[in-house]
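Breakdown of the fold
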Amino acid sequence: MRTFPCVVLLFVAAQSGCDSSPAAAGDAGADAPEAGGPNASVLQYHNSASRSGLYTDPALTHSAVAGTTLDPSFTATVSGNTYAQPLFLDGQGAGKDLVFVATEQNQVTAFDASNGAVVWQKTLGTPVDVATLVSSGQVESTCGTVKPTLGITGTGIIDPASRTLYLDAMINMATTPTYVVRHFIFALSVDDGTTKNGWPFDLSTIASPYSFNSARAIQRGGLALVSGTLYVPFGSHADCLAPHGWVVAVPTANPTAATAWATRSPAGGGGIWAPGGVTSDGTSLYVSTSYFDSPTPPAQWTDADCLGVLRLDPGPSFSGAATDYWAPTDWTQAGDPASSAPVPFELPGATPSQLLLAFDRLSGAVTILDRANLGGVGAGLVSKRVGLGGNGGGDILTAPAVYTTPQGTYAVFNGASADCGGDLTALKITAGSPPTVSTAWCTNIHGHGFPIVSTTDGTNDAVVWAVGTEESDGTMGDNKLHALDGDTGQALFTSPAISPTERYITPIVAKGHVLVGGKTQLYSFAVPAN
């Protein structure tokens, strides 16, 4: 068995294509370490504030990846279904390497990364029973896909300086005389799971700009931590009952000073539900919002109509200026950019070079935006139909990974391709004025897992990793881990089937291992040493 070595190392900031703005000290922000480097920690969703999904690990060459094996001695089981991405904290010689898993039973577990042994485990409260939530009349029976319980759905974030894990939990407070549901944001010690002083923060105390309705709000998007403030996004139960989209800002030094921004659609809507959640380039925040819920679309887009990609200033606040939002030209139709969080990235040689990547679930379009001027209603710099779209098997529900190799810059996403058969597609983004987009390759991973990419040094030996999870329509995927050549899509490794996995999960890379969260078990795949 290959173990996770503990050696004395210095912390250095990662150099990642789009993450050029420094984060505040102690933040898991834009310059958080990428896996495999001097510090191999995976502190947040898709490994960076940009959600690029890019990892650097010198052990993961193409030839080594072909020999990947499932570690049978690694046994790590949990209670409750797992939607949140695992997180990894490098011990750096001072302690054990830890893997953190959070579930819909509100169970949080820290595992020893070398063997899966439980280091500590904590339950944050009674999870919410969806059937009871429906019978109480607070949501409709057809709402949502996360069942039978709701607890921790979104991926938390670790602040390595304070050794704190932040996450949101949906908790059943009482069943009689009425069913009472609350969202709480917790701050846990990564060392023993104890709750930090002054926490958790009760979101029911938020009354501005609206009263926060915990029963109707779902916290599915990844948390962000920028300049000492925690940003937590909220959507709804598959847009049922159309609560507003929210971004709650909680100062980590004083959670009682929390503030919030919410979409202003009079009929509700504008949910922020993509697993990527809030993204950042180290300065600005970006979110994608769902369609409004109004039978009569207004004549002109305003921030009250919500659908689109928005730049938020710290606070958070939204200027309303066209430079700070984008909406597709057909925004009155049933578009849905909220299916994917916007990804900031850099494309050297392009004009402009500071860009933002956005997908639309229903139209199947990818849009590239100028990060300095999102442009308001329009086509952006580039808009191209790359997926089949629709509202079923062809829609794009994804968390893309963006990476650069000596052959070019790519964005890989899960969704039925409009150009070739398959459910995993890589786009090539070529520098120009403006940039151009073409389909590089596509393949079939037989499921709806979200991709990540590993390289040995930031650009070479690019490997796309994805799991054939349950499909978006509920049918079973192949439950196999797939490794593909990042330039060609050629299969490098396909694992045996593991136990069932939830839809939309994403693996992580840490110290020559690929970790996958199943419904009730964490798996460790070892890549042999070169």
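Here, every reference points to the structure presented above.
Residues numbered from 1 in each chain as written. Predicted model: local features only at pLDDT ≥ 70, side-chain atom pairs only at ≥ 80, totals over all residues. Heavy atoms only, no water.

Side note on the overall build of the protein chain
Scanning the protein chain from terminus to terminus reveals 2 helices and 38 strands. Each of the 530 residues in the protein chain was classed as buried or not, and the buried ones make up 62%. Relative to all contacts within the protein chain whose residues are 6 or more apart in sequence, the contacts with residues 24 or more apart total 57%. (Helix = DSSP H or I, 4+ residues; strand = E, 2+ residues; numbered from the N terminus. Buried < 20%, exposed > 50% of the residue type's maximum accessible area, 1.4 Å probe, protein only. Contact = heavy atoms within 4.5 Å.)

Focus: the state of the cysteines
Throughout the structure, instances matching the rule amount to 1 disulfide. Each disulfide pairs two cysteine sulfurs, and for cysteine 420 the partner residue is cysteine 442, the sulfurs being separated by 1.8 Å. Here the residue cysteine 420 occupies a position in the loop between β29 (408–414) and β30 (424–430), and cysteine 442 occupies one in strand β31 (residues 436–443), the gap between them amounting to 22 residues. On the basis of relative accessible area, cysteine 420 is assigned to the partly exposed category, the value being 27%. (Disulfide = S-S within 2.5 Å.)

Things to note about unusual backbone geometry
Cis peptide bonds are those with omega within 30 degrees of zero, and the linkage from threonine 351 to proline 352 qualifies with -5°. Looking at the secondary structure, you find proline 352 in the loop between β23 (343–346) and β24 (354–359). Of note, the bond from serine 433 into proline 434 is cis; its omega dihedral lies within 30 degrees of zero at 5°. With respect to the secondary-structure elements, proline 434 resides in the loop between β30 and β31. The backbone of aspartate 461 sits at a positive phi, close to 55°, despite the residue not being glycine. Mapped onto the elements of the fold, aspartate 461 is located in the loop between β32 (452–455) and β33 (463–467). At asparagine 479, a position not held by glycine, the phi torsion is positive, near 55°. If you trace the backbone, asparagine 479 turns up in the loop between β33 and β34 (481–485).

Things to note about the nonpolar core
Of all hydrophobic cores here, the largest spans 35 residues; its most connected members are Val65, Phe88, Trp465, Leu481, Leu522 and Phe525. Ile157, Val248, Val250 and Ala258 belong to the second-largest nonpolar core, a separate cluster that totals 21 residues. (Core = buried A, V, L, I, M, F, W, Y, C linked by side-chain atoms within 4.5 Å.)

Let's talk about the sheet that holds β24
As summarised here, the arrangement of the 4 strands in space is β23-β24-β25-β27, forming an open sheet in which the pairing is antiparallel. In the strand order of this sheet, the two ends are held by β23 and β27 (382–385), each with one partner. For this sheet the average axis-to-axis angle between neighbouring strands, irrespective of direction, equals 25°. Bridge count for β23 against β24 is 4 bridges, and the pairing is antiparallel. Each residue of the ladder has a partner; that of glutamate 346, found in β24, is glutamine 354. (Pairing = 2+ DSSP bridges. Axes fitted to C-alpha atoms, helices over the stretch in contact; angles between N-to-C directions.)

Notes on the pattern of salt bridges
By the definition in use, this model includes 7 salt bridges. Close ionic contact of aspartate 324 with arginine 311 constitutes a salt bridge, the shortest N to O distance being 2.7 Å. Of this pair, aspartate 324 sits in the loop between β21 (308–312) and β22 (325–327) while arginine 311 sits in strand β21, placing them 13 residues apart in sequence. Neither aspartate 324 nor arginine 311 differs from the other in exposure class; each is buried. Through salt bridges with shared partners, a single network forms among Asp90, Asp97 and Lys511. (Salt bridge = Lys/Arg side-chain N within 4 Å of Asp/Glu carboxyl O.)

Topic: the packing of aromatic side chains
For the coordinates displayed, the defined rule picks out 12 aromatic pairs. With a centroid separation of 6.4 Å and 70° between ring planes, the pair formed by tryptophan 261 and phenylalanine 318 is classed as edge-to-face. Separated by 57 residues along the polypeptide, tryptophan 261 in strand β18 (residues 259–262) and phenylalanine 318 in the loop between β21 and β22 bring together distant segments of the chain. We classify tryptophan 261 as buried; its relative accessible area is 10%. An aromatic cluster is built from Tyr210, Phe212, Phe234 and Trp246, whose rings are joined through pairwise contacts. (Phe/Tyr/Trp six-rings, centres within 6.5 Å; stacked < 30°, edge-to-face > 60°.)

A closer look at the side chain of glutamine 219
For glutamine 219, the position within the fold is in the loop between β14 (217–218) and β15 (224–226). Residue class for glutamine 219 comes out buried when judged on its relative accessible area of 3%. Polar side-chain contacts of glutamine 219 include one of 2.6 Å to the backbone oxygen of glycine 221. A distance of 3.0 Å separates a polar side-chain atom of glutamine 219 from the backbone oxygen of proline 233. With sequence-adjacent residues up to four places away left out, glutamine 219 is seen in contact with Thr153, Gly154, Asp168, His183, Val232, Pro233 and Phe234. (Polar contact = N/O pair within 3.5 Å; in protein donor to acceptor, adjacent residues only side chain to side chain.)

A look at the pairing of β33
With 5 of 5 residues buried, β33 is to be regarded as a mostly interior element. Both faces of β33 are covered, namely the face carrying Val463, Trp465 and Val467 and the face carrying Val464 and Ala466. Summarising the sheet, β32 and β33 pair through 3 bridges and their orientation is antiparallel. Bridged to serine 454 within β33 is valine 463. The pairing of β33 with β34 spans 5 bridges and is classified as antiparallel. Across the sheet, residue valine 467 finds its bridge partner in β34, namely leucine 481.

Remarks on the pairing of strand β35 (residues 491–494)
Pairing of β34 with β35 involves 3 bridges; the strand directions are antiparallel. Paired with leucine 484 across the bridge in β35 is alanine 491. Turn length for the β34-β35 hairpin, with the two strands adjacent in sequence and antiparallel, is 5 residues, and the turn residue glycine 489 shows positive phi of about 80°.

Regarding the sheet that holds strand β4 (residues 87–89)
Reading across from one edge, β4-β5-β6-β7 is the order of the 4 strands in this open sheet, with antiparallel pairing throughout. Edge strands, defined here as strands with exactly one partner in the open sheet, are β4 and β7 (118–123). Pairwise comparison of adjacent strand axes, ignoring direction, gives a mean angle of 15° for this sheet. Two elements, β4 and strand β5 (residues 98–102), share 3 bridges in a ladder whose sense is antiparallel. Opposite leucine 89, over in β5, you have leucine 98 as the bridge partner.

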